[in-house]
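Take a look at the letters that make up each chain.
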Amino acid sequence: MTHLADPDQPHHRPVRSFVLREGRLTAGQQRAFETLWPRFGVDWQPGTLLDPTALFDSPRPVVLEIGFGNGESLAAQAAADPARNYLGLEVHRPGVGHLLLAVERLGLTNLRVMRTDARALLRPPPDGGLPAASLAAVQLFFPDPWPKKRHHKRRIVQPDFMQDVARALTAGGIFHAATDWAPYAEHMRAVLEAMPALFENTAGAGRFAERPASRPPTKFERRGERLGHEVLDLVYRRR
């Protein structure tokens, strides 16, 4: 198996937006790392420039999804949208293995997988990895809301992070987030509305968006709905 970048190793990262809880790999997930990762996985080290277009067989616009969970919704989206390439980030090995198996099952050629911290990847060179204006869209669905006030600094959507997202997006590119935690949705909206030179709210200033049909429901969304949580989407366009 090829070497995986270790998300536990700090690289100028004072605060992490996730806690690495490693579950056991199933036999299928272990096989996925051994046989599918060399084909669909992307090894990357911080500070190394990564051209996302070059990861795929055909040059198409690239969509980055941060924290894809078990990957079922990302695989469904990639299968329904062959005109774009998808790069999924996740730090938890079972989720990565699960998505690799879905890629194999669905015969997808427009999806690649990375196991790394999005904050590290999106930083500008020389610390980060993505060239400017290299992504058509960035997706962030149901990130950890870190509900306790003392943990709010761990929320991934912060002004400095959104500066990095804006740098990586092409003009007209889309940042799409969704959450079932209303206080976090309001936090994300406040951060983005305070950056009018970089982002335009596609739903109108201060408003949440309707869920686009292109976003398949996730298991977190279904769980939230069962608990009576309203799911809120934010769709912002890079100016």
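Bear in mind the structure is a predicted one, so any value in this text is a computation, not a measurement.

J.: What's the story with unusual backbone geometry in this structure? I'm lost.
T.: In this structure, P126 follows P125 across a cis peptide bond, with omega equal to 10 degrees. Note on placement: P126 falls in the loop between α4 (118–122) and β5 (135–141). Unusually for a residue other than glycine, F142 sits at a positive phi of about 55 degrees. With relative accessibility at 11%, the residue F142 sits in the buried group. Residues other than glycine seldom take positive phi values, yet W146 does so here, at roughly 40 degrees.

J.: I keep staring at the nonpolar core and nothing clicks. Help me out?
T.: A general tendency of soluble globular proteins is for nonpolar side chains to be buried together. Counting residues in each nonpolar core, the largest one holds 38 residues, and the members touching the most others are M162, F175 and F199. Mapped by element, the contributors of at least two residues to this core are β2 (62–66), β3 (85–89), α4, β5, α5 (159–168), β6 (169–179), α6 (182–193) and β8 (232–238). Per element, the largest residue contribution to this core is five residues, and it comes from α5. With residues near it in sequence (within four places) discarded, F199 still touches M162, V165, A166, L169, F175, L192, Y236, R237, R238 and R239.

J.: Whenever I open this one, the packing of helix α2 (residues 72–80) against helix α3 (residues 93–106) confuses me. Can you help?
T.: It is the contact of α2 with α3, at a shortest axis distance of 9 Å, that shows an interaxial angle of 30 degrees. On the basis of the axis angle, α2 is roughly parallel to α3. Between α2 and α3 lies a crossing whose hand is right-handed. Between α2 and α3, the residues in contact are E72, L74 and A75 and H98, L99, A102, R105 and L106, respectively. The residue makeup of the contact of α2 with α3, split by class, is five nonpolar, one polar and two charged.

J.: Please clarify how the packing of aromatic side chains should be interpreted in this entry.
T.: Note on aromatic pairs: each is described by the distance of the centres and the angle between the planes. Overall, the coordinates contain one aromatic pair when judged by the stated rule. For the ring pair F33 and W37, a centre distance of 5.9 Å and an interplane angle of 25 degrees mean the geometry is stacked. Of this pair, F33 and W37 both sit in helix α1 (residues 27–40), separated by four residues, roughly a single helical turn. Pair check on accessibility: F33 and W37 agree, each one buried. Across from the ring centre of W146, 5.2 Å away, lies the NZ or CZ of R154, which sits over that ring.

Thresholds applied
Residues numbered from 1 in each chain as written. Predicted model: local features only at pLDDT ≥ 70, side-chain atom pairs only at ≥ 80, totals over all residues. Heavy atoms only, no water. Helix = DSSP H or I, 4+ residues; strand = E, 2+ residues; numbered from the N terminus. Buried < 20%, exposed > 50% of the residue type's maximum accessible area, 1.4 Å probe, protein only. Core = buried A, V, L, I, M, F, W, Y, C linked by side-chain atoms within 4.5 Å. Contact = heavy atoms within 4.5 Å. Axes fitted to C-alpha atoms, helices over the stretch in contact; angles between N-to-C directions. Parallel < 35°, antiparallel > 145°, perpendicular 65-115°, else oblique. Left-handed = near helix turned anticlockwise from the far one by under 90°. Nonpolar A, V, L, I, M, F, W, Y, C, P; charged D, E, K, R; others polar. Phe/Tyr/Trp six-rings, centres within 6.5 Å; stacked < 30°, edge-to-face > 60°. Lys NZ or Arg CZ within 6 Å of the ring centre and 35° of its normal.

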